[in-house]
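Notes for the structure review
Here are the chains, one letter per residue:
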Amino acid sequence: MTPRIIKLPFKRNSVFLFGPRQVGKSTLVRYLLAREEHIEIDLLKGDVFLKYKSNPSRLRTECEYKVQENKQFYVFIDEIQKCPELLDEVHYLIEKFGRQIQFIMTGSSARKLKRASVNMLAGRAWQFFLFPFTHIEVGKQFDLENALTKGALPPVIDEPAEDAFRTLKAYVQTYLKEEILDEAIVRNIGAFSRFLDIAADQSGKIVNYSTIARDTGVSSKTIKGYYQILEDTLIATKMDPYLKSKRRRLTMHPKYYLFDLGVINAATGTVSVSSVKGTAVYGALFEHFVILETYRLIHYAEKPYRMYHWRSSHGAEVDMIIETADTLWAVEIKSSTNVRSGDLSGLKSFMKDYPMAKSLCVSTCDQPYAAGDVPVIPWKSLFRKDLLDIA
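What counts, and at which threshold
- Residues numbered from 1 in each chain as written.
- Predicted model: local features only at pLDDT ≥ 70, side-chain atom pairs only at ≥ 80, totals over all residues.
- Heavy atoms only, no water.
- Helix = DSSP H or I, 4+ residues; strand = E, 2+ residues; numbered from the N terminus.
- Rg over C-alpha atoms; globule rule 2.2 N^0.38 Å.
- Buried < 20%, exposed > 50% of the residue type's maximum accessible area, 1.4 Å probe, protein only.
- Contact = heavy atoms within 4.5 Å.
- Areas by Shrake-Rupley, 256 points an atom, 1.4 Å probe, with all protein chains shown as cover.
- Lys, Arg positive; Asp, Glu negative; His and termini not counted.
- Charge placed at Lys NZ, Arg CZ, Asp CG, Glu CD.
- Core = buried A, V, L, I, M, F, W, Y, C linked by side-chain atoms within 4.5 Å.
- Pairing = 2+ DSSP bridges.
- Axes fitted to C-alpha atoms, helices over the stretch in contact; angles between N-to-C directions.
- 1 Å grid on protein atoms, 1.4 Å probe; cavity = no way out; pocket = protein on both sides within 12 Å on 5 of 7 lines; lining within 4 Å.
- Points joined across faces, edges and corners; volume = space filled by probe spheres on them.
- Nonpolar A, V, L, I, M, F, W, Y, C, P; charged D, E, K, R; others polar.
- Right-handed = clockwise from strand over helix to strand, strands pointing away.
- Polar contact = N/O pair within 3.5 Å; in protein donor to acceptor, adjacent residues only side chain to side chain.

1. Quick look at the overall build of the chain
A tally of regular secondary structure across the chain gives 15 helices and 13 strands. For 391 residues, the compact-globule formula gives about 21 Å, and the C-alpha radius of gyration of the chain, at 22 Å, lands near that figure. Along the three orthogonal principal directions, the C-alpha set of the chain runs to about 70 × 50 × 50 Å. In the chain, which comprises 391 residues, the share counted as buried stands at 54%. For the chain, the proportion of contacts with a sequence separation of at least 24, taken over those separated by at least 6, is 70%. In the form shown here, the chain has an accessible surface area of approximately 18,200 Å², with 49% of it arising from carbon and sulfur atoms. When the 54 positive and 46 negative side-chain charges of the chain are each reduced to one mean point, those points stand 4 Å apart.

And the structure:
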């Protein structure tokens, strides 16, 4: 198994592990529990699902029996959102036996749990998130061009491009189009299906709810609800605009980033041009890649950082604003190796309003240099200890 950098403290406390389908949640947990005494409950299996759905208290009786013969053991419940009634039993068992029974509960959607207002254990289980592979996990085999084209889902990471896109197209059709439609419980299936296509195309771009509403034939309020569905099912991450300054009227529209570049390429049909360096598509994918990588590594490092985008009322933009405990970073992302000072007008505009911030440009260059007053660094350097300290 490819080592994952997430630190899952399952021996110290019960945990939730959330993430989209196929990112490797079950594989990781089974690897961690391979030499531990445990019970596995796979709710994707029909007979297992029916067993606990019809009688959730069965979990309690099984654990109470097993605890008599073991000092400590683990219970792995895969896809917990399919049977949220089990959480009341988990709550009871944690209260009764403490850390003698440790629960690891995975899920590909928090939506059903939120919608049902179920027992989320009030801090008795810590929450973690698993994402597609990062460049650190892939290691020496990491190839940027492959990452921009195929993405980083475990099932496709080692597949030839042709097979990878067959897998990704099937993923888009069976998961994005069918399972999320089922999760959504929307009346207008046609509108939601059209919205999914638009959301893939608009990934990483500033979203105007009203414009998308006109294109799909529903209200802007409905479009906001659709995006919330993508967030709840962990398919999209929302990046709000940075709005701390009152000196300038800023746009209020967020950006949404779909979780994997291969999925985006499969959904939008941009496979043939995504790997052509110098194109607008390549530049957008590289920007998307750096932002996703930053988001994933911040989560894995458990840093309390916040990520934003910035756009002034005059159209000046900065790709990524990162707010740490003591520093405000303004980061421009360029896929070119040769970045000139004139290419960084958005950063310069931002720095006029926020002179205390630190500006930075990450690119595909192999050695750092300066473009005017702005450091230009290789993208991997963004994550090192003297900068974000998340790698």
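We are not done yet, so read on.
2. Remarks on the nonpolar core
Phe195, Ile223, Tyr227, Phe289, Val290, Met320 and Trp379 are the most contacted members of the largest nonpolar core, which totals 86 residues. Discounting residues that sit within four places of it in the chain, Phe289 has contacts with Phe142, Leu144, Ala147, Leu148, Leu261 and Trp379. Phe18, Val90, Leu93 and Ile101 belong to the second largest nonpolar core, which has 26 residues in total.

3. A short note on the sheet that holds strand 1 (residues 14–18)
Two pairing modes exist for strands in a sheet, parallel and antiparallel, and in both the strands are linked by backbone hydrogen bonds. Pairing is parallel across the open sheet formed by five strands, whose spatial order is 2-3-4-1-5. Strands at the two margins of the open sheet, each flanked by one partner only, are strand 2 (38–42) and strand 5 (125–129). On average, each strand axis in the sheet is tilted by 15 degrees relative to the strand beside it, whichever way the strands run. Pairing between strand 1 and strand 5: five bridges, direction parallel. Across the sheet, residue Leu17 finds its bridge partner in strand 5, namely Phe128.

4. Re unusual backbone geometry
Positive phi, close to 60 degrees, is recorded for Glu79, a residue that is not glycine. Structurally, Glu79 can be placed in the loop between strand 3 (73–78) and helix 4 (86–97). Backbone geometry places Leu234, a non-glycine residue, at a positive phi of 65 degrees.

5. Details of the layout of surface pockets
Of the volumes computed, that of the largest pocket is approximately 860 Å³. Looking at the largest pocket, it is lined by 35 residues, and the ones nearest its centre are Glu231, Thr237, Lys238, Tyr295 and His299. Sorting the residues of the lining of the largest pocket by element identifies strand 5, helix 11 (220–232), strand 6 (236–239), helix 14 (280–301) and strand 8 (306–311) as the ones contributing at least two each. Looking at which element gives the most residues to the lining of the largest pocket, the answer is helix 14, with six residues. Among the residues making up the lining of the largest pocket, the classes are represented as 21 nonpolar, five polar and nine charged. Around the second largest pocket, the lining is made up of 22 residues, and of these Phe133, Val138, Phe142, Gly151 and Ile157 lie nearest the centre.

6. Examining the packing of helix 12 (residues 261–268) against helix 14
Here helix 12 crosses helix 14 at 145 degrees, and the two axes come no closer than 11 Å. Only Leu285, His288 and Phe289 of helix 14 make contact with helix 12, whose side of the interface consists of Leu261, Ile264 and Asn265. Of the residues belonging to the contact of helix 12 with helix 14, the class tally is four nonpolar, two polar and no charged.

7. Comments concerning the pairing of strand 1
The element strand 1 is largely enclosed, with a buried count of five among its five residues. Residues Ser14, Phe16 and Phe18 of strand 1 are buried on one face, and the alternating residues Val15 and Leu17, pointing to the opposite face, are buried as well. Sheet topology places strand 1 next to strand 4 (residues 101–107); four bridges connect them, and they run parallel. If you follow Val15 over to strand 4, its bridge partner there is Ile104.

8. Here's the deal with the pairing of strand 3
Judged by how many residues are buried, strand 3 sits mostly within the fold: six of six residues are covered. Bridge count between strand 2 and strand 3: five bridges; the pairing is parallel. What sits directly across from Glu40, in strand 3, is Phe76. The sheet contact formed by strand 3 and strand 4 spans five bridges and is parallel. Residue Tyr74 lies in a different strand from strand 4, and its bridge partner there is Gln102. You can see the chain leave strand 3, run along helix 4 and come back into strand 4, and the turn it takes is right-handed.

9. Some details on the side chain of Ser203
Of note, Ser203 is situated in the loop between helix 9 (189–201) and helix 10 (209–216). Among the polar contacts made by the side chain of Ser203, one reaches the main-chain amide nitrogen of Leu258 at a distance of 2.9 Å.

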